[in-house]
Structure formats: C-alpha cells, structure tokens
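Now for the letters of each chain:
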Amino acid sequence: MQHDPERSPDLVTGATRVSGEARPAQPDSDAEQTVAAFVDALPDASTAGIAVDLKTQLALARQALANRFLQGEAVEALVRAEAELVDAVLISLWRHYEVDSSIGLIAVGGYGRGELHPGSDVDILILLPDDQSNTDAAAQFVTALWDTGLEIGHSVRTVDECQRVAKDDVTILTTLMESRVLCGPAALHEQMVACTDREHIWDSNAFFLAKRDEQTARHARYGDTGYNLEPNLKGSPGGLRDIQMVGWIARRHFSATELEDLIHHGFLSRGQLDRILEGRHFLWTLRYGLHVLTGRREDRLLFDHQKNLAQMLGYEDARFTLGVEQMMQRYYRTVMQNSRLNEMLLQLFEERILLPTDTPPQPINDAFVNHNGYLQAVDADVFTRDPSALLEVFSSMQAHPELRGVGANTIGMIRRNLTLIDEQFRQNPRNHRLFLSIMDAPQHVTRELRRMNRYGVLGLYIPAFGRIVGRMQYDLFHAYTVDEHTLFVVDNLRQFSRASSEFGDAQYAQVMARLDKPYLAYLSGLFHDIAKGRGGDHSELGAVDALTFCREHGIDDNDAELVSWLVANHLVLSMTAQKKDISDPDVVAAFARLVGDERHLDYLYVLTAADVRGTNPKLWNSWKSKLFHDLYAATRRHLQRGLDNPIDKTGLVASTRRAALDSLLSDQPQGAIDEVWRELPETYFLRHSADEIVWHTRRLLQHGLQTPFVDVAPRTELNALAILLYTPEVNHTFAIVTARLADLGLSVLDARIEPTHNQFSLDTYIVVEEGGLPMGDDRHRDVEERLTDVIHADNLNLAVSRRAPRRQRMFNTDTKIQFRQDEAVDRTIMELTSADYPGLLKSVGEVLIEREVYIKSAKIVTIGERAEDVFFLTNMQETPLDDAHCERLRDALLSRLNAEGE
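Below: a short report on this structure. Predicted model, so just to flag it, every value in this text is computed and none were measured.

### Digging into the pattern of salt bridges
Two side chains bearing opposite charge may form a pair once their charged atoms approach each other closely. Per the counting criterion, the structure on display carries 53 salt bridges. Here R599 makes a salt bridge to D559, at a shortest N to O gap of 2.8 Å. One end of the pair, R599, is in helix α31 (residues 598-615); the other, D559, is in helix α28 (residues 557-568), and 40 residues separate them in sequence. Judged by its relative accessible area of 26%, R599 falls in the partly exposed class. By relative accessible area, which is 3% here, D559 ends up buried.

Structural data, given as structure tokens:
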C-alpha cells in the first residue's frame, strides 16, 4: 500500500476486531436485512396495544443488530440501522394515532443525522403550524412512546417558536440544524429550516464563536485532556463531539451536509478525511460495544467496563501489555489525532470566517511568517528545503509569545513531512542545538513539548518517547497516559520556578533557583518513564536511554551522568520518605550516601515532587510534600556535616528535648515537665518533633498521667488532623481507632505507637479526608467526640460499614507480605501490599492482637487501588519477631485479608 504522509507513523491498531482498513469497510446488507424483516413484521396501524407489540419486536431486532456487531459487521451500518428501526416504530405509532396531517414529526440532533447507538436518546420535534391544530392525537402519540421502551426527548413548537428559542440558545439551534422529516408536511419543515438559517439568526461569525466557546467550556469540564483514566467517548477532548463540531460549522457556513464536502471547499485532504472517518469508526465501535455491554446508554469508559469491552473487541493480553491497555492506547492515540484535526480545521474556519484575508504577513525568519497571529511557513517547500525547520517551528513559537498558534496549513505540512525525521535528522548537530534550545528556553517549554507531541514530532525525534505515546497502566494510581504524565512532570518543574503557596511550591522554587542548569531537570523528567512497558526495570532502561541521548547531544559527561542518575533513581526519595522511618538518623545517612552531594539531592528533590504530583493530582497532598521536605532537609544537613561525620542519635534527642523544653518553661514548671518525660521512652524524643512534644506534654499535664484522653488538632497547613490518644496499654487500640476512622471517612497517613513506662500508650495519627477533600472547620471536634466515646466504651463493635469506592472494587490486588529485621532499633519491619479498602488497617490490627504483636509505628501509603503499608513491629517483650513468629503472622494475615477481599 502506498505510504500516506498524513497517517500517524505510530498509530496502534490493536485488535483485529476493530483494526480494519484506513477507511472503515463499507457495510454489507446484513443490518439492512434486519431492518427489512422488522418492517415486514410491524403490526397493522389499527392494532390495539400497538406500543407493547412494537417494544417486543424492537427488542428482538436490536438483539439481532447486537449479534451482527459481535460478528464483526461495520458499525456505520449498525448505527444507521438503529435509526431506521426507530423511524419505523415512530411512523407506525404516528399513523396509529392518526395525528393531524398538518403537524410534522421531525427527527433532530444525532437522530436527525440518522445515527443512533443502542442506548442513544431519541430526540424528536413535533412541529405545529402557526394556526392551531388539533393536538390531542399528538399528545396520545407522545404518551405511547414511553411504552415502546425508547429513551425519548421531545419538544412541541411552532415554526416561530423554533426561531425564538434557537435565537436564544445555540445548542437548540444546532439540534434543529440536523433535522429530517419522518411524517407530516415537508413544507412546514422547510419553513423551520429557512427561518433558522444564518440569514436570519446566528450568522457564520456568531455561530463559530459560540461553538468554539462551547467546546472550550466542554474541554475544561474534562480537565482539558483526553487522557483521563475514565474518559467520555462523546465529551472528552478528541471525542465524538470534536468531530461533530467540524460538521456543524461546515454545515452552517458552507451548507455542507457531509464531511466529504470539505474536500471540495479545500479544507480537507483525502488523507485527512480518512483519518477523521477512521477515528469516528473506532470511537463508534467503542460506544456501540459499550451500549451492548451495559444494556443502556453509557458513554464513559469506566473501569467497570474497560476489560470486558476489550475482550468483546478481541484484544488479548500480551507479554508486557494487557489487552485492555492495548485498547486504551489505541483510544488515546485516536483522540490525539482527532484533537489535532479539530485544531487544524477550526483554525481554517477561523481564517475563512473571521480573519481578514488581505493582511500582509510579518516576517519572523527565513522559514516562517506571522499571518493574522499564526505562525505560517513561507512556502510549501520549507521543510523539504530545510528539514531542521520541523524543530524550528517550536523554537520560533517560544521566541514569539504574541503568536496564537501554528497555522493550520503549516500543521498539515508538518504532518506530511514527518518522514524527514529519520536517523540522519536525529544525528544532525544543528537539530541537537535546536532541541536543547527548546528545553532551555525561558518560557513555554512544556507548551511546545505538548505541541511537538500532538503533531507527532516528539515521538519521532525521540523514538523511545514515541513508544509511550498513549500508553496507559491499568490501575488507579496512574491518572494519565505515560506521555501525558511525562509532560505534566516537566510542567510541574516549570511551575516550581514560579513560587506559589500551593503544596509548598515556594520551597521547591527555592531549590529550583539553586539549580545550575534547570534544563537538566526537564530532561530527566522527559526520560524518567520513557522505558515503561518494555519489561524489566524501567528506571534502569530509561537511564541508559537518557545517557545515550545526552551524549549524542553534546552534553558534558558530568551533566549527562546526572540526568541518567536521576532517571535511574527517580523513585528512591519518594519510597524512602513514605516507607522508611526518616526520624532514624541511620536511614537518613544511608540515603545521603546514595545521593552523594547536594547537587544530586537538589535535582532529585524537585524531580520527585514533580513526578508524584504529576502521577495523580488527587493522591498528591501536603503530607507527602512535608515528608519529602523533611527527608530533603535532614539529608542536606547530613551532607553539610560530611558523609564521614553522621548525626549522632543521642545528640539529636538532646537537641529536640532542649527545643521543646525552651517552649514549655514559659508556662510550666520544670518539675512537672520532668515527671511527664520520665514516663516516655528515649525513642519518643527521636521520632517526634519539638512542636509535637510540646503539644503532647501540655495535654498530659492538663489531664494527668492516669487519665485516658483524646485530643485532635487541625493541621491546616496539611489539610489534615493530628490525633493524640493516651490510653491504657492494650493491644487493640490500633484496631479500634482505625475502624472508627474508616467509618468516619478518614484515611490514615501516619501512625506512631509509644508505650510509656506507666503501662499507658501514647499514640499519634495523621489523617485526611478520603479523596483529599477539604477538612471542615468543625471536623476535629466531631472526630474527638467519636474517639472519646470509643476509648471509654465497654463493648466495642469493630465492624466497618463503609464500602470501598466503585473504582477500587474493579481491581484485584494480590496480598503480599515481606519481613525484614531492623537490628539497629530492635524491631521487625513488615511491608504489606494489599487491595485498599475501608477497614484494612482494622483487620491488620486485629490479627496483630491475636498474634501478640505490638505496632510501634506504621507508614500508610495508598497507591491508587493498592495499599503499600509498612509496619514497625515487636513482640510482647518489645524485641524483634523471630522467623517462626513472622511466618505465623504472615499466614494469619493472608488468610484474613484474602477472605475479606473475595
């Protein structure tokens, strides 16, 4: 087959069920035969109870079409057949009720286009003549429609009323533009069409601006990205609405009834039309399958349905990618293609409809001009004459912020010349300089990287990046495709250079300002996940790619090795902060040895925050930011002291005690403070900050050392609550508290359990609202009251009534338990990976009670649908668990958690 220069060079076809040719295969007659058989079997118009008969026959016919779909019939034939089935039902009912012949029955909207999916709404207009007709029969018709089982949306208007409401609402106008007569006088419909045309209301300019604003608002509702975990096939950027947008504007301005008409108007090439039809074919296939699968209208690709839909469409699991991931990768690449074509066509419409055509272009350089605010190539041979202009496009956009975008014709030229980006192009030193200048530009780095990705340039210039375009991971942790996440990471690094108060950005800005070459951080962000989906350790594989790229681009060895090291170690700071006890100087010392110097630490710190924040914004919070900063600050102090001069635990405890004592002596006597502190173990002063010690000490002095109490303090800077419990030393406190917190809709981030010398336990928890919701002003009082009731109750019910959210129930996570000994502080570390659900911590706590195990502290980490929690444990004698004890505990936990997960 001859190469099509407009075809995306990296388009994934996925399963054979939906791959097909470049243009969808023409439908055969199977669907038409189903419609013909349905029409032949229709009851006579005079039949009593006709609506019920029609409902039965319609269900059978639709099932026949669903079977045709499962057997591989082209979806284009099926959506037309669905509309024809509904036509036959409505016409039969209309005739049954003998509606006045002066009244029109009009199909509008998608139904007016003759396109219906199994669960689509059926929109109709009952069009009345201006002189009042007898509408009793029409009212009976409408009532009977509900008995057919159709999802009907109807309106009843005169021609004048149609004009009036359409004048006020461009959405209603759009619906009326796509209309056809089912029954009644054609002349009446023609009057409605005439009085709502662009000569009377909504001329081309006004219509274009209104629909463009409508699209902008719609995209904003979906976060301005088509790469969400559960996209909407119609509304998300690059979805079916974006294709329909082109058709609506073409119809309004050119009276074009088919997309193919745009070829004759010079707006589309045949290849571009093929891409639009190919994209629509794939999205229609997904939507039709989704409706068949769910038995209703459902346009969201929810996790509930993604796997089943992928299986229905013939996708199979491969060695490194699941079938559902293959389907979704094709979806994401399709919507990227649709978004690019939508951008080009709307821009061409804008140039034709709104912008003056005689404005002289303003030269930018030898290759490009500014014409009406858009970057345009000086002639059709720019890229063949100088292939480096394929990168110069983006550096020119950075250098000229007044430009609104790249001209549509130039975008088309870029797409047609992508084959010029070959190995020779990638090895050209001029192109190396151009690319690095884009990465090192003072402004619009991520904007142009996104544009490069959307136009297909980035994935060809860096072939490894091309392999991650549209790649998704089937879990709840990674909210975006790998390429979209990668660009979010680079964007976050750019935002860190503009200090704000959100999530501690100011502290990241301070570190960014110290970086000697910020573009090295951007490069590490660009490469950190570039090896996802290849198998093996993506960090190690990506580090090799990064080192090769940097050396090829003339970056000196020290800087190249820094970028490679950052890619190889981009997970280490996050895992250390979230899963290890960073109050332990030995943990900090080991991390400092890995980092080696402050330069590596600074780069790793900002990259880690940008990465975690860009993975899933809902899972990023101020607590994680604080953990990262605490580890960063402690490591920086260690490095400044020197790797051979580690921080002494005794000195650290003494320093913390002095700081806490200085605050307390302002209003508390030394003797009272000493009395409280004598009951606290030395490890307490190592694991808590001076501010926490002051808080705890004041409350212990207030309540007395023999009185249980609960105190809850808002941590507004963390959008969290800090909970202090002082109770008699009983093992089930952790299980009780976490059960009640789960019922209250709170997630535990951190737990520290400190047995005191007087047989009490001083426990602290950091908790947040599930889903990262804002903490209410009075929330701390409610929590304090509930927990106070719990610790004083005689009979405890540890049942948790809350269920896991819908998304989490869609995933099966194997429970895994690993033990290791922390000899330095005499405890056992247990790492638990499990499906996350309300009551998980309660169940863990109950098993620990049964197996006579103390929890000294816990680090709670939620990775989407998965819990990756770390518990620091001892036996009842406060020594580490031996191997036999660990095995018994493992067996008991697996038995309990696996049973609850079934």
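### Details of the nonpolar core
If you look at the biggest cluster of nonpolar residues, it comprises 227 residues, and the most contacted ones within it are L90, F141, F349 and F435. Contact partners of L90, with chain neighbours within four places excluded, come to L105, Y111, V122, I124, F141, L145, L150 and L182.

### Side note on helix α37 (residues 733-743)
Among the 11 residues of α37, 11 are classified as buried, and the element is accordingly described as predominantly covered. For α37, every residue scored as buried is listed here: T733, F734, A735, I736, V737, T738, A739, R740, L741, A742 and D743. Taken from the residues just after α37, G745 is the one with a positive phi, measuring 75 degrees.

### A few points about the packing of aromatic side chains
Tallied over the full model, the rule gives 24 aromatic pairs. One aromatic cluster in this structure is built from F425, F435, Y461, F527 and F549. Over the ring of F488 we find R450, and its NZ or CZ is 4.8 Å from the ring centre. Cation over ring: R657 sits above F685, and NZ or CZ is 4.4 Å from the ring centre.

### Let's talk about the side chain of D822
By the secondary structure assignment, D822 is in strand β13 (residues 816-822). If we skip the residues at most four places from it in the chain, D822 touches D584, R827 and I829.

### Quick look at unusual backbone geometry
Unlike most non-glycine residues, W202 shows phi in positive territory, near 50 degrees. Residue position: W202 is located in the loop between α9 (186-195) and α10 (204-221). Classification of W202 by relative accessible area gives partly exposed; the value is 22%. We note that D224 has phi near 55 degrees; this positive angle belongs to a residue other than glycine.

### Digging into the packing of helix α7 (residues 159-168) against helix α8 (residues 170-177)
Running from N to C, α7 and α8 point in directions that differ by 130 degrees, and their axes come no closer than 5 Å. As summarised for this structure, α7 and α8 are arranged oblique, according to the angle between their axes. For the pair α7 and α8, contact is made by C162, V165, A166 and D168 and by V170, I172, L173 and L176, respectively. For the contact of α7 with α8, the residue count by class is seven nonpolar, no polar and one charged.

### Let's talk about the pairing of strand β12 (residues 760-769)
Of all 10 residues in β12, 10 are buried; the element is thus mostly enclosed. Of the two faces of β12, the one lined by F760, L762, T764, I766 and V768 and the one lined by S761, D763, Y765, V767 and E769 are each fully buried. Here strand β10 (residues 720-728) runs beside β12; their pairing, made up of eight bridges, is antiparallel. Its bridge partner being in β12, A722 is matched across the sheet by I766. Bridge count between strand β11 (residues 746-755) and β12: nine bridges; the pairing is antiparallel. Residue pairing in the sheet places D750 in a bridge with I766 of β12.

### A short note on the sheet that holds strand β7 (residues 374-377)
With mixed pairing, the four strands of this open sheet are ordered in space as β5-β6-β7-β8. Both outer strands of the open sheet, β5 (362-363) and β8 (405-406), are each paired with one neighbouring strand and no more. Note: strand β6 (residues 368-371) against β7, four bridges, orientation antiparallel. Bridging across to β7, N370 finds its partner in L375. On the sheet, helix α17 (residues 389-399) packs against β6, β7 and β8 and is oriented at approximately 45 degrees with respect to β6.

### A look at the sheet that holds strand β4 (residues 179-183)
In sheet architecture, strand pairing relies on hydrogen bonds along the backbone and comes in two forms, parallel and antiparallel. Here we have four strands laid out as an open sheet, ordered β3-β2-β1-β4, and mixed in their pairing. Because the sheet does not close on itself, it has two edges, and the strands there are β3 (152-158) and β4. For this sheet, the mean angle separating the axes of adjacent strands, direction not counted, is 30 degrees. For strand β1 (residues 104-108) and β4, the ladder comprises four bridges, and the chain directions are antiparallel. Looking across to β4, one finds that V108 is bridged to S179. Across the sheet, helix α6 (residues 136-145) lies against β1, β2 (122-128) and β3, angled at about 175 degrees from β2, the strand it touches most. Taken strand by strand, α8 contacts β1, β2, β3 and β4, and its axis lies near 55 degrees from that of β4.

What counts as what
- Residues numbered from 1 in each chain as written.
- Predicted model: local features only at pLDDT ≥ 70, side-chain atom pairs only at ≥ 80, totals over all residues.
- Heavy atoms only, no water.
- Salt bridge = Lys/Arg side-chain N within 4 Å of Asp/Glu carboxyl O.
- Helix = DSSP H or I, 4+ residues; strand = E, 2+ residues; numbered from the N terminus.
- Buried < 20%, exposed > 50% of the residue type's maximum accessible area, 1.4 Å probe, protein only.
- Core = buried A, V, L, I, M, F, W, Y, C linked by side-chain atoms within 4.5 Å.
- Contact = heavy atoms within 4.5 Å.
- Phe/Tyr/Trp six-rings, centres within 6.5 Å; stacked < 30°, edge-to-face > 60°.
- Lys NZ or Arg CZ within 6 Å of the ring centre and 35° of its normal.
- Axes fitted to C-alpha atoms, helices over the stretch in contact; angles between N-to-C directions.
- Parallel < 35°, antiparallel > 145°, perpendicular 65-115°, else oblique.
- Nonpolar A, V, L, I, M, F, W, Y, C, P; charged D, E, K, R; others polar.
- Pairing = 2+ DSSP bridges.

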